[in-house]
Amino acid sequence: MKVLITGIAGFVGSHFTEFFLKRKNIQVYGIERWKASTENIEHLKDKIDLYDECDINDIVSMRDILKKTTPDYIIHLAAQSFVPTSWTAPAETIKTNIIGEVNLFEALRSLKLNPRIIVAGSSEEYGFVKKEELPIRETNPLRPLSPYAVSKIGQDFLGYQYYKSYGMNIIRTRAFNHTGPRRGESFVTSNFAKQIAMIEKGKQKPVILVGSLSAKRDFTDVRDMVKAYWAIMQKGVPGEVYNICSGRTYAVQEVLDMLLSFTKKRVTVKKDPARMRPSDVPVLLGDCTKMKKITGWEPEIPFKKTLEDLLDYWRRKL
Ligand code: A2R
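1. Focus on the sheet that holds strand S9 (residues 216–218)
Item 1. Strand order in the open sheet formed by 3 strands is S12-S9-S14, and the pairing between neighbours is mixed. The open sheet terminates on both sides in strands that have one partner only, identified here as strand S12 (249–251) and strand S14 (283–284).
Item 2. Two strands pair when backbone bridges link them, and S9 and S12 are joined in this way by 3 bridges, in the antiparallel orientation. Bridging across to S12, Arg217 finds its partner in Tyr250.

In structure tokens form, the structure reads like this:
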């Protein structure tokens, strides 16, 4: 069984690789763009086939690699994945996320390959959600509040359209927040954990800088998330869309309090206006009954353990 992961050296890609390497009869192929950091998968590099000169914006390199690897499954993770960057680089976000996916689909079509594909969408697609709509189901209207969200809706709808128009085996997902070791440091959970680890090592004054603490998010451990993606890959119906979430929220303030409870250092919390977003989604709470029904998936790792592991990751890394 041949699995190709785009964005393999990213946060989710690295956990997916570890997940596959624990299983038998799976050959893992991965693509990354030229000069990307492969630190997250350095320990796995000799067990996979890595193509580290493939930019998804370049259909020529995409096509070459698909021709060489002819995967049975594709997990499409490569993206500009960070909401705040989408405010400063909206065109780049739209290009990489939407055109990059078109390149993937068109390269497959031209090669007459039809693997099963997971498109990694996001709960950000729902954007502005009314209180009475919570918890959010797949049928909820999409009211995006960032260029990132628009780019993910583009990916999602392209997946639907290519399935309908060409019968491609594309399954769309909308993952709610996920975190854990190796989470990029721009993301809130990882950013707080890194600052705490820096303070513990005396590399930062005992002041933690924060943005808005009121937003509520539905967090899942990345290791559970990867299992959910794979279960959907096997049992999901092409053309359909599935939420993946834990079904409970934590306010960013609670995340901060939990992380601070793991350290013996006395830390002051300071608001940093630079970390505020032009518009933010107040609550994202998901309902993933649809995917649970077909897969039987349940998240297993408690959120406290996820945050402990994330903080330990930064303690080791710094
Ligand atoms: O930005 P880089 O060079 O570190 O590489 C990222 C890669 N990537 C690309 N690969 C090929 N061609 C491109 N034009 C391109 N642009 C970005 O995608 C990185 O290694 C990977 C994304 O990993 P993360 O940013 O760590 O995202 P994460 O959390 O693993 O999320 C995976 C997917 C994304 O589509 C999210 O939007 C979604 O799940 O939630």
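2. Here's the deal with the packing of helix H4 (residues 90–111) against helix H5 (residues 147–166)
Helix-helix packing is described using two parameters, namely the angle between the two axes and the distance between the axes.
Item 1. In the contact formed by H4 and H5, the axes pass within 8 Å of each other and the chain directions differ by 15°. It follows that H4 is roughly parallel to H5 by the angle criterion. Crossing geometry of H4 relative to H5 is assigned as right-handed. Between H4 and H5, the contacting residues are Pro90, Thr93, Ile94, Asn97, Ile98, Glu101, Val102, Phe105, Glu106 and Arg109 on the first element and Pro147, Tyr148, Val150, Ser151, Lys152, Gly154, Gln155, Leu158, Gly159, Tyr162 and Tyr166 on the second.
Item 2. When its residues are assigned to classes, the contact of H4 with H5 shows 11 nonpolar, 6 polar and 4 charged.

3. Describing the environment of Leu21
Item 1. Tracing the backbone through its elements, the reader meets Leu21 in helix H1 (residues 11–21).
Item 2. The partly exposed category is assigned to Leu21, whose relative accessible area is 27%.
Item 3. Considering only alpha carbons, one finds Leu21 and Met225, 204 residues apart in sequence, at a separation of 16 Å.
Item 4. In this structure Leu21 touches Val28, Leu44, Lys47 and Ile48, once residues within four positions along its chain are discounted.

4. Here we look at helix H7 (residues 222–235)
Because an α-helix completes one turn every 3.6 residues, residues spaced three or four positions apart along the sequence face the same direction.
Item 1. Taking 1.5 Å per residue as the helical rise, H7 with its 14 residues ought to reach 20 Å, and the 20 Å between its terminal C-alpha atoms agrees with that figure.
Item 2. For H7, a buried count of 10 out of 14 residues is recorded, marking the element as mostly surrounded by other parts of the structure.
Item 3. Of all the positions in H7, only Val222, Asp224, Met225, Val226, Ala228, Tyr229, Trp230, Ala231, Ile232 and Met233 are classed as buried.
Item 4. Near the N-terminus of H7, the side chain that reaches the backbone nitrogen of Arg223, with its oxygen 2.7 Å away, is that of Asp221.

5. With respect to the layout of surface pockets
Item 1. Taken as a whole, the second largest pocket holds about 170 Å³ of empty space.
Item 2. Lining of the second largest pocket is provided by His15, Glu18, Phe19, Lys22, Arg23, Pro181, Arg182, Arg223, Val226 and Lys227.
Item 3. Broken down by secondary-structure element, the contributors of at least two residues to the lining of the second largest pocket are H1 and H7.
Item 4. Residue composition of the lining of the second largest pocket, grouped by class: 3 nonpolar, 1 polar and 6 charged.

6. Quick notes on the nonpolar core
Item 1. Ranked by size, the top nonpolar core spans 41 residues in total, and within it Ile5, Phe16, Phe20 and Tyr229 carry the most contacts.
Item 2. Mapped onto this core, the elements with two or more residues apiece are strand S1 (2–6), H1, strand S4 (73–76), strand S5 (116–122), strand S6 (170–175), H7 and strand S11 (241–244).
Item 3. The dominant element in this core, judged by the number of residues it contributes, is H7, at 8 residues.
Item 4. In terms of nonpolar packing, the next biggest core, distinct from the first, is built from 25 residues, Val210, Phe219, Phe303 and Trp314 among them.

7. Regarding the site of the ligand
Item 1. Not every one of the 21 residues close to the ligand is listed here, only the nearest: Glu32, Ser81, Tyr148, Lys152 and Arg183.
Item 2. A distance of 2.9 Å is found between an oxygen atom of the ligand and a backbone nitrogen or oxygen belonging to Phe11.
Item 3. A distance of 2.8 Å separates an oxygen atom of the ligand from a polar backbone atom of Leu77.
Item 4. Out of a free accessible area of 790 Å², the ligand has 86% covered by protein chains.
Item 5. Taken together, the elements giving at least two residues each to the shell around the ligand come down to H1 and H5.

8. Description of the domain arrangement of the chain
Item 1. Taken domain by domain, the chain consists of domain 1 (2–178 + 219–244) and domain 2 (183–217 + 248–281 + 301–317).
Item 2. On a C-alpha basis, the centres of domain 1 and domain 2 stand 26 Å from each other.
Item 3. Facing 17 residues of domain 1, the contacting portion of domain 2 comprises 19 residues.
Item 4. Together, Phe82, Trp87 and Phe219 form the three largest contributors to the area buried by domain 1 at its contact with domain 2, with a combined 37%.
Item 5. Between the two partners, domain 1 and domain 2, sit 2 salt bridges.
Item 6. Here Asp309 ties to Arg223 by a salt bridge, and the two come within 3.0 Å at their closest N and O atoms.
Item 7. Linking domain 1 with domain 2 are 5 residue pairs in polar contact (both at pLDDT 80 or more), by the criterion used here.
Item 8. Elements represented by at least two residues in the side of domain 1 that touches domain 2 include exactly helix H3 (83–88) and H7.
Item 9. For the side of domain 1 that touches domain 2, the element with the most residues is H3, which contributes 3 residues.
Item 10. Of the residues in the side of domain 1 that touches domain 2, the class split is 7 nonpolar, 5 polar and 5 charged.

Cut-offs used in this document
Residues numbered from 1 in each chain as written. Predicted model: local features only at pLDDT ≥ 70, side-chain atom pairs only at ≥ 80, totals over all residues. Heavy atoms only, no water. Pairing = 2+ DSSP bridges. Helix = DSSP H or I, 4+ residues; strand = E, 2+ residues; numbered from the N terminus. Axes fitted to C-alpha atoms, helices over the stretch in contact; angles between N-to-C directions. Parallel < 35°, antiparallel > 145°, perpendicular 65-115°, else oblique. Left-handed = near helix turned anticlockwise from the far one by under 90°. Contact = heavy atoms within 4.5 Å. Nonpolar A, V, L, I, M, F, W, Y, C, P; charged D, E, K, R; others polar. Buried < 20%, exposed > 50% of the residue type's maximum accessible area, 1.4 Å probe, protein only. Expected span 1.5 Å × (residues − 1). Polar contact = N/O pair within 3.5 Å; in protein donor to acceptor, adjacent residues only side chain to side chain. 1 Å grid on protein atoms, 1.4 Å probe; cavity = no way out; pocket = protein on both sides within 12 Å on 5 of 7 lines; lining within 4 Å. Points joined across faces, edges and corners; volume = space filled by probe spheres on them. Core = buried A, V, L, I, M, F, W, Y, C linked by side-chain atoms within 4.5 Å. Near = heavy atom within 4 Å. Areas by Shrake-Rupley, 256 points an atom, 1.4 Å probe, with all protein chains shown as cover. Domains from an automatic or database assignment. Buried area = accessible area lost by both parts, 1.4 Å probe. Salt bridge = Lys/Arg side-chain N within 4 Å of Asp/Glu carboxyl O.

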